[in-house]
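# Descriptive analysis of the structure
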Amino acid sequence: MSAPVAAVRHTGEFFAFCLDTLRGLGRRPVQVREFVQQAWFISSVSILPAALVSIPFGAVIALQLGTLVRQLGAQSFTGAASVLAVVREAGPIVTALIIAGAGGSAICADLGARKIREELDAMQVLGIDPIHRLVVPRVLASMLVAVLLNGLVSVVGVTGGYAFNVVLQGGTPGAYLASFQALGQLPDLLVGEVKALLFGAAAALVASHQGMTAKGGPKGVGDAVNRSVVITFMLLFALNFVVTAVYFQVVPQKGS
């Protein structure tokens, strides 16, 4: 089978898998215990790395934007530029990358191990839908953790950017906060949370699909984990572009 044909076939299988997962969201019984376990696991492996990564992210954004706006003579807008960049763009991206790299790889490895041990086939023989039993709780848990983690990343990133701007660049605390209040608005926070929600779902769906289609023993599971991380990263940046473009078309910006 040629590479383009195989790529189209895999893409179609992934979309069919997403539709099956979406259909399974409304089915009963709800897997509450599995959902809680997965949410706790994903959060436990993601909170510390996300917090540590968000500090330099916020600092780099503050330093770069602070230098740029000072060259343009618009120092009073440093706070707005830094905070909006963290809340709307950097926060969801950092959250998604951490969840895909830590939680998504673990989800893929777990489901891949079940696949090569033929546990998924045994579940189907017993009349249990693996998607409803295993995938749906993981997708919901990833979405919940992504939304909550995005709030943490945004707070830490904004705090780090504020500290670096005021301490290293000699910015004024009052001007930093006033500029954000002048240009920031509630939809900026909401679009960040929507991005985190979509990114969390995408990371869990890609990881689950790659894990449940793994072949070739333990080596195949390792290859599936690598593919899931790479595909998730590519998909996240594409989704981020689409959501951002729609947001700027739909929501009027302050000061425009």
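Note that the coordinates shown come from a computational prediction; the quantities given were computed from them, not determined experimentally.

Criteria and cut-off values
- Residues numbered from 1 in each chain as written.
- Predicted model: local features only at pLDDT ≥ 70, side-chain atom pairs only at ≥ 80, totals over all residues.
- Heavy atoms only, no water.
- Core = buried A, V, L, I, M, F, W, Y, C linked by side-chain atoms within 4.5 Å.
- Buried < 20%, exposed > 50% of the residue type's maximum accessible area, 1.4 Å probe, protein only.
- Helix = DSSP H or I, 4+ residues; strand = E, 2+ residues; numbered from the N terminus.
- Contact = heavy atoms within 4.5 Å.
- pLDDT = per-residue confidence, 0-100.
- Salt bridge = Lys/Arg side-chain N within 4 Å of Asp/Glu carboxyl O.

Attention now moves to the nonpolar core. Ranked by size, the top nonpolar core spans 36 residues in total, and within it Phe17, Ile99, Leu111, Val135, Val139, Leu205 and Met212 carry the most contacts. The set of elements that each furnish at least two residues to this core consists of helix 1 (3–24), helix 2 (32–72), helix 3 (78–116), helix 4 (119–125), helix 5 (130–168), helix 7 (186–212) and helix 8 (217–250). Here this core gets nine residues from one element, more than from any other, and that element is helix 5. Non-local contacts of Met212, meaning those with residues more than four positions away in its chain, are made with Phe17, Leu111, Lys115, Leu120, Pro130, Ile131 and Val135. In terms of nonpolar packing, the next biggest core, distinct from the first, is built from five residues, Ile93, Ala96, Ala202 and Leu236 among them.

Averaged over all residues, the pLDDT of the protein chain equals 81, while 88% of them reach at least 70. The spread of mean pLDDT over the elements of the protein chain runs between helix 6 (residues 173–183), the lowest at 68, and helix 7, the highest at 88.

To continue, consider the pattern of salt bridges. In total, this model carries nine salt bridges according to the counting rule given. Residues Arg133 and Glu34 are paired through a salt bridge, measuring 3.4 Å at the closest nitrogen-oxygen approach. Of this pair, Arg133 sits in helix 5 while Glu34 is found in helix 2, placing the two residues 99 residues apart along the sequence. Salt bridges sharing partners connect three or more residues here, namely Glu34, Asp110, Arg114, Arg117, Glu119, Arg133 and Arg138.

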